[in-house]
Amino acid sequence: MVQKIKTYFKKKMTFMVVPHDGGSPVQIKTNLFVLHTAVLLCGALLTWATMLMVKDVNYELASLNEQKLKTEMAGILTELDQNRVLLSHMSQVDEKFRKLLKLGDRKQVMIYNSVSGPSEEDGSYFSSLLQENNDELVNKINENLKEATGAVSKQNASFNEISTYLNKQRSILAATPSIWPIKGWITSGFGKRASPLTGEPGRHYGVDIANEVGSPIRATADGMVVYAGWETGYGRVVVIEHGYGFSTRYGHCSVIDVKVGDEVKRGQIISYVGSTGRSTGSHLHYEVRLHGVPVDPEKYLPQVD
């Protein structure tokens, strides 16, 4: 068998190249061993070149794919950072609510390392995710982040709406008369009555609260002084606008301690009891008006034990 192979490769072969222009033909003599070796060498070189080309193509494709993933991850990290800012804002809003409602402090439900960017753990997670090269997972993360962003925005809008409502309710409460302007007892109520000066029937637009001259008179709600001076019948009087339709009047004062334009708080001293104007003794004539119409002030005075 070996002898046959040796004999086969020793066979001679002649290749003749005949020019078409009439030149002398060229003969190339060789044996099968050289021919086979040349063919194998060419095949090896071609295979090696093909492998290098495929490797370069795969490298380029991998680089492009990695760049794509990095771009997508950068977008995810940016969106994650925005979510953190929103969630941090929600935490601040929550804190405002608790102070507003006097509920005290508590641990935050959502704790984040920082609002300025991703943490080291996030970086290692996304680095491993880049290596996984999983488009489906990337798409899923994107969808989840978008849903989370939408949910956070809706929650934030809800918080703002609640905050606006609570602030309005607090403003209404601050503008509603709710304390006694002076210590004392009611000597004349709201409504029909005979005039203490003439005895003729008439209508009393407030309540008279008796006390000694010089007793402090306090604003019954937050507001602004719109009049402070003398008025026929009332004597020295202070008028305060509280907002939401409420206003109050404090008549027969001996001394006025505020001026027009002053902002006052509930419980602040604004004047002192006297007997100025049409009065039969030291007392405060106290009125509550709603949209300019006098109403019974006793509805806005707390019960005294």
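Residues numbered from 1 in each chain as written. Predicted model: local features only at pLDDT ≥ 70, side-chain atom pairs only at ≥ 80, totals over all residues. Heavy atoms only, no water.

Some words on the overall build of the chain
Move 1: Counting secondary structure elements, the chain contains four helices and 14 strands.
Move 2: By the burial criterion, 28% of the 305 residues in the chain qualify as buried.
Move 3: Considering only contacts in the chain between residues 6 or more positions apart, those separated by 24 or more positions represent 62%.
Move 4: If you sum the accessible surface of the chain, you get close to 20300 Å²; carbon and sulfur atoms cover 58% of it. (Helix = DSSP H or I, 4+ residues; strand = E, 2+ residues; numbered from the N terminus. Buried < 20%, exposed > 50% of the residue type's maximum accessible area, 1.4 Å probe, protein only. Contact = heavy atoms within 4.5 Å. Areas by Shrake-Rupley, 256 points an atom, 1.4 Å probe, with all protein chains shown as cover.)

Structural notes on the pairing of strand 13 (residues 283–290)
Move 1: The buried count for strand 13 comes to seven of eight residues, which makes it a mostly enclosed element.
Move 2: Across four bridges, the pairing between strand 6 (residues 207–210) and strand 13 is antiparallel. Paired with Ala-210 across the strands is His-283, a residue of strand 13.
Move 3: When strand 10 (residues 246–256) meets strand 13, the two strands line up antiparallel, connected through six bridges. The residue bridging Thr-248 from the neighbouring strand is Val-288, located in strand 13.
Move 4: Relative to strand 14 (residues 293–295), strand 13 is paired through three bridges, and the arrangement is antiparallel. Within strand 14, the residue paired with Leu-290 across the bridge is Val-293.
Move 5: Hairpin connection of strand 13 to strand 14: two residues between the antiparallel strands, including His-291 at a positive phi of 55°. (Pairing = 2+ DSSP bridges.)

Looking at the packing of aromatic side chains
Move 1: Applying the stated criterion across every chain yields a total of two aromatic pairs.
Move 2: Considering the side-chain rings of Phe-246 and Tyr-300, the 5.7 Å spacing of their centres and the 80° angle between planes classify their relative orientation as edge-to-face. Here Phe-246, found in strand 10, pairs with Tyr-300, found in the segment after strand 14; they are 54 residues apart in sequence, far enough to count as distant. Taken individually, Phe-246 and Tyr-300 each receive the classification buried, so the pair is uniform in this respect.
Move 3: Just above the ring of Tyr-234 sits the side chain of Arg-249; from NZ or CZ to the centre is 5.3 Å. (Phe/Tyr/Trp six-rings, centres within 6.5 Å; stacked < 30°, edge-to-face > 60°. Lys NZ or Arg CZ within 6 Å of the ring centre and 35° of its normal.)

Remarks on the side chain of Thr-248
Move 1: In this fold, Thr-248 is placed in strand 10.
Move 2: A polar contact is formed between the side chain of Thr-248 and the side chain of Tyr-250, at a distance of 2.8 Å.
Move 3: Setting aside its immediate chain neighbours within four residues, Thr-248 contacts Pro-177, Thr-220, Val-238, Val-239, Ile-240, His-242, Tyr-286, Glu-287 and Val-288. (Polar contact = N/O pair within 3.5 Å; in protein donor to acceptor, adjacent residues only side chain to side chain.)

Points about a nonpolar patch on the surface
Move 1: On the surface, a cluster of nonpolar side chains totalling about 370 Å² of accessible area is made up of Met-224, Val-226, Tyr-227 and Trp-230.
Move 2: Here Trp-230 lies in strand 8 (residues 223–231). (Patch = residues over 30% accessible without salt bridge, like charges linked within 9 Å, V, L, I, M, F, W, Y side chains within 5 Å. Salt bridge = Lys/Arg side-chain N within 4 Å of Asp/Glu carboxyl O.)

A few points about unusual backbone geometry
Move 1: Its identity as a non-glycine residue notwithstanding, Tyr-244 has a phi of 55°, on the positive side.
Move 2: With respect to the helices and strands, Tyr-244 occurs in the loop between strand 9 (235–243) and strand 10.
Move 3: Its identity is not glycine, yet His-252 carries a phi of approximately 70°, on the positive side.
Move 4: Inspection of the secondary structure puts His-252 in strand 10.
Move 5: Note on His-252: relative accessible area 5%, which makes it buried.

Comments concerning the pattern of salt bridges
Move 1: For the coordinates displayed, the defined rule picks out four salt bridges.
Move 2: We note a salt bridge from Lys-265 to Asp-222, for which the minimum N-O separation is 3.8 Å. Linking Lys-265 in the loop between strand 11 (263–264) and strand 12 (269–273) with Asp-222 in the loop between strand 7 (216–218) and strand 8, this pair joins segments that are 43 residues apart in sequence.
Move 3: Under the relative-accessibility criterion, Lys-265 is labelled exposed at 53%.

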